[in-house]
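In case you want the letters, here they are:
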Amino acid sequence: HGASGGLPEANCSLQDETRIGGYMDTGGHMLFSGQDYLFARGNGNGFPQIYLGVQVYTDDINFGDTNVSYNGIAGGAMSGLSGSLVADVGLVPCFAANPFFNDDVISFGQGLATYNSQPSGANGQCGTTWDPGPFRSVFTSLDFACTTNTGQFNRDLASIYNFLRGQATSVEPSTWGKVKDMF
């Protein structure tokens, strides 16, 4: 579990929050994934409310579980999607030191996904889909990278990306090779 309660510097410092908030205030969009972010921070006041849309949360409702199934919440960035994740401690692609310790997160806006966690049987919501107007963000306490199913991972992240970009489209779609050739 690692981080100690009340010390945001353990994973995202107050200075980091200020810098990210400045970016968001200029119309930035962000995916923020952090299983221990709220736990380490110790409260959801300020940045989590304003920039992530966290209305209320409960820490670690699935304390130490290894398997999670999830369903996107209607209207959220993962609406209509479902999948499963496994926290194989010490194995790629998930956690080196511990299994799942996810929060139950209720959003001011739309939720992200509901989840069922095993072996505890805990049910919760993992995050937010937040669009207050000047910016967009998605926050999750559930690490969607905890899968060897690359199709599922790519599908989920594409859905989140499409929410974040909104109606914006790339001015000039480019491959990394084309970008490198420009310099």
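Residues numbered from 1 in each chain as written. Predicted model: local features only at pLDDT ≥ 70, side-chain atom pairs only at ≥ 80, totals over all residues. Heavy atoms only, no water.

1. Digging into the sheet that holds strand β7 (residues 113-118)
Then, in step 1: With antiparallel pairing, the four strands of this open sheet are ordered in space as β4-β3-β7-β8. Edge positions in the open sheet fall to β4 (82-86) and β8 (123-125), since each of these has one partner strand only. Between one strand axis and the next, the sheet turns by 25° as a mean value, whatever way the strands run.
Then, in step 2: Bridge count between strand β3 (residues 67-72) and β7: six bridges; the pairing is antiparallel. The residue bridging V68 from the neighbouring strand is S117, located in β7.
Then, in step 3: Against the sheet, helix α4 (residues 150-165) contacts β3 and β4, and its axis sits at roughly 120° relative to β4. (Pairing = 2+ DSSP bridges. Helix = DSSP H or I, 4+ residues; strand = E, 2+ residues; numbered from the N terminus. Axes fitted to C-alpha atoms, helices over the stretch in contact; angles between N-to-C directions. Contact = heavy atoms within 4.5 Å.)

2. A word on the pairing of strand β1 (residues 29-33)
Then, in step 1: Residue alternation in β1 divides its side chains into a buried set, M30 and F32, and an unburied set, H29, L31 and S33.
Then, in step 2: With five bridges joining them, β1 and strand β10 (residues 136-140) adopt parallel strand pairing. Counterpart to F32 in the pairing with β10 is F139. (Buried < 20%, exposed > 50% of the residue type's maximum accessible area, 1.4 Å probe, protein only.)

3. Some thoughts on the nonpolar core
Proteins that are soluble and globular tend to have nonpolar side chains buried together.
Then, in step 1: Judged by nonpolar contacts, the single largest core of 20 residues is most densely connected at Y70, L142 and F144.
Then, in step 2: When residues of this core are traced back to their parent elements, those giving at least two are β3, β7 and α4.
Then, in step 3: If one sorts the elements of this core by residue count, α4 sits on top with three residues.
Then, in step 4: Filtering out sequence-adjacent residues up to four positions away, F144 remains in contact with Y70, M78, L85, L112, C126, F153 and D156.
Then, in step 5: The next biggest cluster of nonpolar side chains, apart from the first, holds 15 residues, and it includes C12, M24, Y37 and L38. (Core = buried A, V, L, I, M, F, W, Y, C linked by side-chain atoms within 4.5 Å.)

4. Quick look at the sheet that holds β10
Then, in step 1: Taken in spatial order, the four strands make up an open sheet running β1-β10-β9-β6, and their pairing is mixed. Edge strands, defined here as strands with exactly one partner in the open sheet, are β1 and β6 (110-111).
Then, in step 2: Where β6 and strand β9 (residues 127-130) come together, two bridges link them in antiparallel fashion. Counterpart to G111 in the pairing with β9 is T128.
Then, in step 3: Against the sheet, helix α1 (residues 14-25) touches β1 and β10, its axis set at about 145° to β1.

5. Quick look at unusual backbone geometry
Then, in step 1: Between Q118 and the following residue, P119, the backbone shows a cis peptide bond with an omega angle of 15°.
Then, in step 2: Phi is positive for D60, which is not a glycine, with a value near 50°.
Then, in step 3: Here D60 is to be found in the loop between β2 (54-58) and β3.

6. Quick notes on α4
Then, in step 1: In this model, α4 (16 residues) spans 22 Å end to end at C-alpha, consistent with the 22 Å of a helix rising 1.5 Å per residue.
Then, in step 2: Considered for burial, the residues of α4 that qualify are Q152, D156, I160, F163 and L164. Relative to the axis of α4, the buried residues are bounded by an arc of 105° and lie together on one face.
Then, in step 3: Elements that come into contact with the buried residues of α4 comprise β1, β3, β4, β9 and β10.
Then, in step 4: Between the side-chain oxygen at the start of α4 and the backbone nitrogen of G151 there is a gap of 3.2 Å, and the oxygen is on N149.
Then, in step 5: Looking one or two residues past α4, G166 carries a phi angle of roughly 60°, positive in sign. (Expected span 1.5 Å × (residues − 1). Arc of directions from axis to C-beta. Polar contact = N/O pair within 3.5 Å; in protein donor to acceptor, adjacent residues only side chain to side chain.)

7. A look at the pattern of salt bridges
Then, in step 1: Counting across every chain of the model gives four salt bridges.
Then, in step 2: Linking E17 and R41 is a salt bridge whose minimum nitrogen-to-oxygen distance equals 2.7 Å. Residue E17 is located in helix α1, and its partner R41 is located in helix α2 (residues 37-41); the two are separated by 24 residues in the primary sequence. No difference in accessibility class separates E17 from R41, as the two residues are buried.
Then, in step 3: Here R136 makes a salt bridge to D131, at a shortest N to O gap of 3.4 Å.
Then, in step 4: Judged by its relative accessible area of 39%, D131 is partly exposed. (Salt bridge = Lys/Arg side-chain N within 4 Å of Asp/Glu carboxyl O.)

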